[in-house]
Amino acid sequence: MTDPAWIDAALSGARPRAVGALLRYFRDLDTAEEAFQDACLRALRTWPVNGPPRDPAAWLIMVGRNAGIDGARRRAKQTVLPDEAELSDTEDAETPLAERLDGADYRDDVLRLLFICCHPDLPATQQIALALRIVSGLSVRQIARAFLVGESAMEQRITRAKAKIAASGVPFETPGPVERAERVAAVAAMIYLLFNEGYSAGGRQEDRAQLADEAIRLARLLLRLYQTEPEIMGLTALLLLQHARSAARFDTDGEIILLDDQDRSLWNTSMIGEGLALVDKAMRHRRPGPYQIQAAIAALHGRAARAEDTDWRGIVTLYEVLEQHTPSPVITLNRAVAVSKTGGPQAALDLIAPLEGRLAGYFHFHGVRGALLLQLGKEADARTAFNKAIALANTPAEAAHIRGHLDRLLQPDRTA
Amino acid sequence: MLYAILCYNAEDVVMSWSQEEDDAVMAQLNVTHARLEAEGKLGPSLRLMPTTAATTLFKSQDLVVDGPYAETKEQLLGLYILDISGLEEGLEIARELGKANPGGAYELRPLRLYLPGASVG
């Protein structure tokens, strides 16, 4: 009941709610984090003896708040002039805990915590790093490893990001409906970035999986806060359906295995099941959005027991709908891949020809183009495209994948 | 006597288990499952997807709402059907399961009607 693994899970499960509430009390991120740390230390001492509390988050908030207040008092003594006003303010905050923890408050607390990580002045990688540190509670070392940078560099990056947030002020007023919707959208975008980082990052499989796992955890958290938002259902479904394939995406040498060639018995069926259930739920609302459409595409892949069972026509249609929602050359490129399955490689090449200018610096554009040219037997053109792709590869695995194509092209006795 | 054991636990804690922790809990539970099955005591058992996957129909207004019926601190995450001698044995089994699967609570409810239905899943 109180073994260390369970306590660990309870602490990290309670973290977003507890740090979110402590941030509201102390109005300062560092103080809130310190207070939470203090509470966790207390939990590690007392829970094994007394058993875990019924509601770990409420316990941590109460203990953390008291620890934070004690800390403020100690610091106040050290700095000679105790700030009476501030202290009595904090005392006033000690209204009954139950009332303070009501659903709406807790929702805004967690949303605020997620939202401050999405500050528009912060570059995407800093937003993600901050969310991993503050909301997920990953250690700086874990985050640094996932991003393939040194620990001190990551430490600096996070410190700078926090300073920027503190300088611009954390929004403590209760958000109105429009503002809340904007925050939810910003948080969803950050979670999506986090997942993509895990999906595409090089580095060790476990580090990648950890980022993806965290993204899914945050998406589920957001969905629990906003149970009726079809786009959040779509986002969660999309991440689950994509992550379900992770065990099949690389071979033992770390080489990319394309969807068509993946061993589908390695797909995680319970993740696919949950993703499909969420797509189903979202459709009922008849308010489609980009995450839902992408999830619906992933669902069509997830439903196909064999590659040849894939409903490519359905996927082409969904990409068309997605392009109407969010026009983007990358989406057209994806549609072209689907079109190559229904209308052949030439139709797909015609579709992507006008994209050349905008996607000239995009690895996947040249990779897809090379593969299509190869299907048409235009080997010299394919080789040129693959060479361009290799130069633009983001990870060793991507480069290795294209090199595989080139190697096969160079073998004189290959069988087509 | 037929009993249901309803498994309640804090979803955010269970969802914070890593795959390894989850696997470890399941492996330990499976020891008990296997014994109960061998003794002919274990009926259908199920683990529910997270409450975020739930949809609720409020019958009188025919109102469909996303999410679980009850917003509670612990959520209904699974259930067992058992054929056992009575409450005493039920509690013994629940204690054993609880050693493998910490946190939350097991609710023991005698069954009034049991329809095994077709074999699904």
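Every residue gets a number counted from 1 within its own chain, in the order that chain's sequence is written. All chains are assigned letters beginning with A, and all ligands numbers beginning with 1, in the order in which they are written. Only residues with pLDDT of 70 or above have their local features reported here, since the model is predicted, and side-chain atom pairs are shown and tallied only from 80 upward, although totals for entire chains, interfaces and linings are computed over all residues. In computing side-chain properties, one takes all heavy atoms of the structure into account and sets aside hydrogens as well as water.

Moving on, we get to the environment of A:A353. Note on conventions: DSSP H or I runs of at least 4 residues are helices, E runs of at least 2 residues are strands, and numbering of each starts at the N terminus. Structurally, A:A353 is set in the loop between α17 (345-352) and α18 (363-375). Burial classes: relative accessible area under 20% of the type maximum marks a residue as buried, over 50% as exposed, and values in between as partly exposed (1.4 Å probe, protein chains only). Exposure remark for A:A353: the relative accessible area of 47% places this residue in the partly exposed category.

Residues and elements named next belong to chain B. If you trace the backbone, Q75 turns up in strand β5 (residues 75-83). Residue class for Q75 comes out buried when judged on its relative accessible area of 12%. By the criterion applied in these results, polar contacts are pairs of N or O atoms within 3.5 Å in which, for protein atoms, one can donate a hydrogen and the other can accept it, and in which residues neighboring in sequence qualify only through two side-chain atoms. At 2.8 Å, the side chain of Q75 forms a polar contact with the backbone nitrogen of E11. A contact between two residues is defined here by any heavy atoms of the two lying within 4.5 Å. With residues up to four places along the chain from it excluded, the contact list for Q75 reads C7, Y8, N9, A10, E11 and T51.

Residue and element names in this part refer to chain B. Patch membership is restricted to residues that have no salt bridge and whose relative accessible area is over 30%. Joining uses 9 Å for like charges and 5 Å for the nonpolar side chains Val, Leu, Ile, Met, Phe, Trp and Tyr. In this description, accessible areas are obtained by the Shrake-Rupley approach with a 1.4 Å probe, and a residue is regarded as covered only by the protein chains that are shown. Just to be clear on terms, a salt bridge is a Lys or Arg side-chain nitrogen sitting within 4 Å of an Asp or Glu carboxyl oxygen. Side chains of L46, L48 and L76 sit close together on the surface and give an oily, nonpolar patch of about 220 Å² of accessible area. Along the chain, L76 falls in strand β5. Exposure remark for L76: the relative accessible area of 32% places this residue in the partly exposed category.

Moving on, we come to the packing of helix α1 (residues 4-26) of chain A against helix α2 (residues 29-50) of chain A. Residues and elements named next belong to chain A. Interhelical geometry of α1 versus α2 gives an angle of 145 degrees and a closest axis separation of 9 Å. For the pair α1 and α2, the crossing hand works out as right-handed. Residues I7, A10, L11, R15, A18, V19, L22, L23 and F26 of α1 touch α2, and the partners they reach there are L29, T31, A32, E33, A35, F36, Q37, C40, A43, L44, W47 and P48. When its residues are assigned to classes, the contact of α1 with α2 shows 17 nonpolar, two polar and two charged. Axis lines are fitted to C-alpha atoms, over the contacting stretch for helices. Their N-to-C directions set the angle, which ranges from 0 to 180 degrees. Handedness of a crossing follows from how the near helix is turned relative to the far one, being left-handed for an anticlockwise turn of less than a right angle and right-handed for a clockwise one. Under this grouping Gly is polar, as are all residues other than the nonpolar Ala, Val, Leu, Ile, Met, Phe, Trp, Tyr, Cys and Pro and the charged Asp, Glu, Lys and Arg.

All names here are of chain A. Evaluated as defined, the whole model comprises 26 salt bridges over all chains. Put simply, D55 and R17 hold a salt bridge, and the shortest N to O gap is 3.3 Å. Residue D55 is found in the loop between α2 and α3 (56-78), and its partner R17 is found in helix α1; the two are separated by 38 residues along the sequence. Residue D55 is classed as buried on the basis of its relative accessible area, which comes to 13%. Across the pair E173 and R183 runs a salt bridge, and its minimum N-O distance is 3.9 Å. Remark: R183 occurs in helix α10 (residues 177-200) and E173 occurs in the loop between α9 (151-168) and α10; sequence separation between them is 10 residues.

Residue and element names in this part refer to chain A. L60, L114, I191 and L222 are the most contacted members of the largest nonpolar core, which totals 114 residues. At 13 residues, the largest contribution of residues to this core is made by α1. Discounting chain neighbours no more than four positions away, the residues touching L60 are L11, A14, A18, F36, A39, C40, A43, W47 and R65. By nonpolar core is meant a set of buried Ala, Val, Leu, Ile, Met, Phe, Trp, Tyr and Cys residues that side-chain atoms within 4.5 Å join together. Residues A385, I402, L406 and L409 belong to the second largest nonpolar core, which totals 19 residues.

Okay, the domain arrangement of chain A next. All names here are of chain A. By the assigned domains, chain A splits into domain 1 (1-101) and domain 2 (102-227). Listed as interface residues are 18 residues of domain 1 and, on the opposing side, 19 residues of domain 2. Defined in terms of a 1.4 Å probe, buried area is the accessible area two parts forfeit on being brought together, summed over both. Of the roughly 1,600 Å² buried between domain 1 and domain 2, counting both surfaces, carbon and sulfur atoms make up 59%. For the pair domain 1 and domain 2, the interface holds three salt bridges. Across the pair E33 and K162 runs a salt bridge, and its minimum N-O distance is 2.6 Å. By convention here, the domain bounds are inherited from an automatic or database domain assignment.

The interface is formed by 25 residues belonging to chain A together with 23 residues belonging to chain B. The junction of chain A with chain B conceals about 2,200 Å² of combined surface from both sides, 56% of it contributed by carbon and sulfur atoms. A per-residue breakdown of the area chain A buries against chain B is headed by A:W6, A:R224 and A:K281, which together make up 26% of the total. Summed over the shared surface of chain A and chain B, the number is three salt bridges. With a closest N to O distance of 2.7 Å, B:E74 and A:R54 form a salt bridge. Taken together, the connections running from chain A to chain B amount to eight residue pairs in polar contact (both at pLDDT 80 or more). Counting residues per element, the ones that place at least two in the side of chain A that touches chain B are α1, α11 (205-225) and α13 (269-283) of chain A. Split by residue class, the side of chain A that touches chain B holds nine nonpolar, seven polar and nine charged.

Looking now at α2(A). Residues and elements named next belong to chain A. Expected helix span is given by 1.5 Å per residue-to-residue step, counting one fewer step than there are residues. Given a rise of 1.5 Å per residue, 22 residues ought to cover 32 Å, and the 30 Å separating the end C-alpha atoms of α2 matches this to within 8%. Residues L29, T31, A32, E33, A35, F36, A39, C40, A43 and W47 constitute the buried set of α2. Its side-chain oxygen at 3.4 Å from the backbone nitrogen of D30, D28 defines the N-terminal cap of α2. At the exit of α2 stands G51, carrying a positive phi of roughly 85 degrees.

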